[in-house]
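An overview of the molecular structure
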Amino acid sequence: MGAVMGTFSSLQTKQRRTSKDIAWWYYQYQRDKIEDELEMTMVCHRPEGLEQLEAQTNFTKRELQVLYRGFKNECPSGVVNEETFKQIYAQFFPHGDASTYAHYLFHAFDTTQTGSVKFEDFVTALSILLRGTVHEKLRWTFNLYDINKDGYINKEEMMDIVKAIYDMMGKYTYPVLREDTPRQHVDVFFQKMDKNKDGIVTLDEFLESCQEDDNIMRSLQLFQNVM
Amino acid sequence: MAAGVAAWLPFARAAAIGWMPVANCPMPLAPTDKNKRQDELIVLNVSGRRFETWRTTLERYPDTLLGSTEKEFFFNEDTKEYFFDRDPEVFRCVLNFYRTGKLHYPRYECISAYDDELAFYGILPEIIGDCCYEEYKDRKRENAERLQDDLDSENNQESMPSLSFRQTMWRAFENPHTSTMALVFYYVTGFFIAVSVITNVVETVPCGTVPGSKELPCGERYSVAFFCLDTACVMIFTVEYLLRLFAAPSRYRFIRSVMSIIDVVAIMPYYIGLVMTNNEDVSGAFVTLRVFRVFRIFKFSRHSQGLRILGYTLKSCASELGFLLFSLTMAIIIFATVMFYAEKGSSASKFTSIPASFWYTIVTMTTLGYGDMVPKTIAGKIFGSICSLSGVLVIALPVPVIVSNFSRIYHQNQRADKRRAQKKARLARIRVAKTGSSNAYLHSKRNGLLNEALELMGTPEEAHVGKTTSLIESQHHHLLHCLEKTTNHEFIDEQMYEQNCLESSMQNYPSTRSPSLSSHQGLTTTCCSRRSKKTTHLPNSNLPATRLRSMQELSTIHIQGSEQPSLTTSRSSLNLKADDGLRPNCKTSQITTAIISIPTPPALTPEGESRPPPASPGPNTNIPAIASNVVKVSAL
């Protein structure tokens, strides 16, 4: 099963119209101008079969069913685009602005960088996050932080991520969010993670530092039984 | 939270793993799913209505949901049926499509609901049969126009954060309801337009005779007064025009716009008159220029929406009007020619040429019938009567189209106004719902931690006090709690925030950290005064247990130790230091702050009053009874 693209254009609508008088045609011409603007491209994507997905991920059939139903409800066309993704994620964080973090999340989910997340991508990522090994989870997180996907995390990327996380808190926080709070946070993070102090964090440094930290290890197991 | 989005909660929680390496503090425990995962499936079909059909029927269209293996996702093992939580009415039409090959659009269905269902089942709307297709497209276009209006008015209503002076001025001009100054300006200009038009009119009225000369129009009798009035009006109009020109975002486009041309044409005659001297030959032309002063009346269209709608209607009906004009011209020429040749025979006929007959034809076709030109021959009378009958028809045909256009545009405008009026109420309601959900988190945070405190205090029977939240809500709150821990800041509501800002500016509280006892008192008083302020703002959460505890003067801050001395802004470190002052030998392994404020009866804690220090040892004596890594400090 792959993607099914159904496109229709106003050309088809013109074919459907039976021939009319000149006078009526004149009026319909006005109408068609609006129709051209309503021209849509309907993309319908259907995911792989249930068995295949079950084999590829760590979910059971039941869990996949539940996930798909939720997915299909929000995105009947079968793919999530960034806008919908941001809207959905923003519903969970009514206090602040979740759009930046949702943007980075979206690009972490969208492994093929096509601009839309299919159900398979979605489920694969969830499988790693919820049922994967520690190694896989950390690698996924590293990929999330590495905004430009060059294999290294530098301070600017970390700043962007941390700033996005703080944005989700919104304005009304206690204590009051100051301008340099994110930067301090990033400095602490870099001190911990950057072993050879070269200003960038590689995957190995990241994995090593995270595995040394008990807090992080423990919190990674937190969402074990989410599904 | 919408029920549909609740299904995405696992995803949102999984995505929280992205915060973990960045967080400095440990995360709170996840709520456990007490009920073993039961079968969530409701054993129903399309919301309860069972439809039965052959499998081959469905497989006729393999690129739809029902025809492909996608429906396996909706298969219910237990009842061996496919369950869809969708509208059964529309499903009827969808299933008929599989059966007959024709998709119909029921007229009673809302167009967007129908579209949603079609999108869900993977059916393209183009397949709608000819019988229903036009209706479908019409409704769809109507809906799209309506939504477009909504979007447009939304964009217009957006308040930009900071506008330059020029932009505010432009906004004030375009929409007089934005500020009182704009409204004043609006009414003043309207008044002066009226004054100007009335003076123009009154100027020409004969004003009574001056003895010794013929009757003069008022304009010449009181010429000075009229001149002053005219000058005043033109001054106002000029100033207004220059201000608009200054404020316009695109000056070139503004100059080309109709309203600005009207403005210019309205004030030009005055200036031309000033420039021109009392030269006899030129003043004749000048007098005609004064006709253009009547264009000032068009300036009223800025003030009247009805006028604008009329103008817009005429513009949008340009094609119909053109048709009307064209057909009328054709008829006039035909009948004028016929009348001319018919009346050629009669003597002293007024129909001297075809163009002269035009006047007769127009007057007859519009059923005016002045009677200055009348046919005398029999043939002329016959054709004259045919002319008047056909005139009625030719005019009556395009007019309803124009009328219906006007009516549509007018109603659209009414709808836009109505929607704008309702929008405020709608937005208010949405905001209430939003703050409701964020407040829900803040409340449950306090209640939840109170529960934990009570549990730890060894009073399990009171642990169930407080609102019970659904599993989804508790998971959502856990997610928000993780975010708080990641960033080491807490969510508070707006009022608290305002107060904190005020207080921090007044008391310079955050930076000093002194372990000495005296300043500890001072510190606790500052933080506690805030605390107590916090408590009085909470609604009473009806916790009967609190009545007991309140006797023991409570507002407890739960502190568990942590090792983050570098976080200067964190309240935890502050309290840690304060704590150190009291009990230096406390184990401080991990500190996370969670604030519980238990509402106390007003009699005990009037706002702003700091509790007397002797109260502090009270709860502290309970410390030994509690697990060792939990430290309680009363925040007074």
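Rules and cut-offs
Residues numbered from 1 in each chain as written. Chains lettered and ligands numbered in written order. Predicted model: local features only at pLDDT ≥ 70, side-chain atom pairs only at ≥ 80, totals over all residues. Heavy atoms only, no water. Helix = DSSP H or I, 4+ residues; strand = E, 2+ residues; numbered from the N terminus. Buried < 20%, exposed > 50% of the residue type's maximum accessible area, 1.4 Å probe, protein only. Areas by Shrake-Rupley, 256 points an atom, 1.4 Å probe, with all protein chains shown as cover. UniProt positions renumbered as here; feature names shortened; annotations may be inferred. Contact = heavy atoms within 4.5 Å. Buried area = accessible area lost by both parts, 1.4 Å probe. Salt bridge = Lys/Arg side-chain N within 4 Å of Asp/Glu carboxyl O. Polar contact = N/O pair within 3.5 Å; in protein donor to acceptor, adjacent residues only side chain to side chain. Nonpolar A, V, L, I, M, F, W, Y, C, P; charged D, E, K, R; others polar. Pairing = 2+ DSSP bridges.

For the rest of this paragraph, the subject is the overall build of chain A. Helix and strand counts for chain A stand at twelve helices and seven strands. Taken across its 227 residues, chain A has 46% of its residues classed as buried.

Once that is clear, we can look at the overall build of chain B. Helix and strand counts for chain B stand at 24 helices and eight strands. Expressed as a percentage of its 636 residues, the buried residues of chain B come to 41%. Accessible surface, chain B: about 34400 Å² in total, of which carbon and sulfur atoms supply 63%.

Residue and element names in this part refer to chain A. The residues that UniProt annotates with the feature "domain: EF-hand" (unreviewed entry) are residues 97–132, 133–168 and 181–216. Taken as a whole, residues 97–132 contains 67% helix and 8% strand, while its terminal C-alpha atoms sit 29 Å from one another. The span residues 181–216 carries 72% helix and 8% strand; its end-to-end C-alpha distance comes to 21 Å.

With that settled, the discussion passes to the interface of chain A and chain B. Put simply, an interface is often sized by how much accessible area is lost when its parts join up. Tallying the contact residues gives 87 residues for chain A and 94 residues for chain B. The largest per-residue losses of area from chain A upon contact with chain B belong to Phe92, Tyr172 and Tyr174 of chain A, which jointly make up 12% of the total buried on that side. Notably, a salt bridge pairs glutamate 70 of chain B with lysine 72 of chain A, separated by 2.9 Å at the nearest N-O pair. Linking chain A with chain B are twelve residue pairs in polar contact (both at pLDDT 80 or more). It is helix 4 (residues 61–74) of chain A that provides the largest number of residues to the side of chain A that touches chain B, a total of eleven residues. Of the residues belonging to the side of chain A that touches chain B, the class tally is 58 nonpolar, 15 polar and 14 charged. Here strand 6 (residues 173–174) of chain A pairs with strand 5 (residues 490–491) of chain B via two bridges, running antiparallel. Bridge pairing in strand 5 of chain B places threonine 173 of chain A opposite phenylalanine 491 of chain B.

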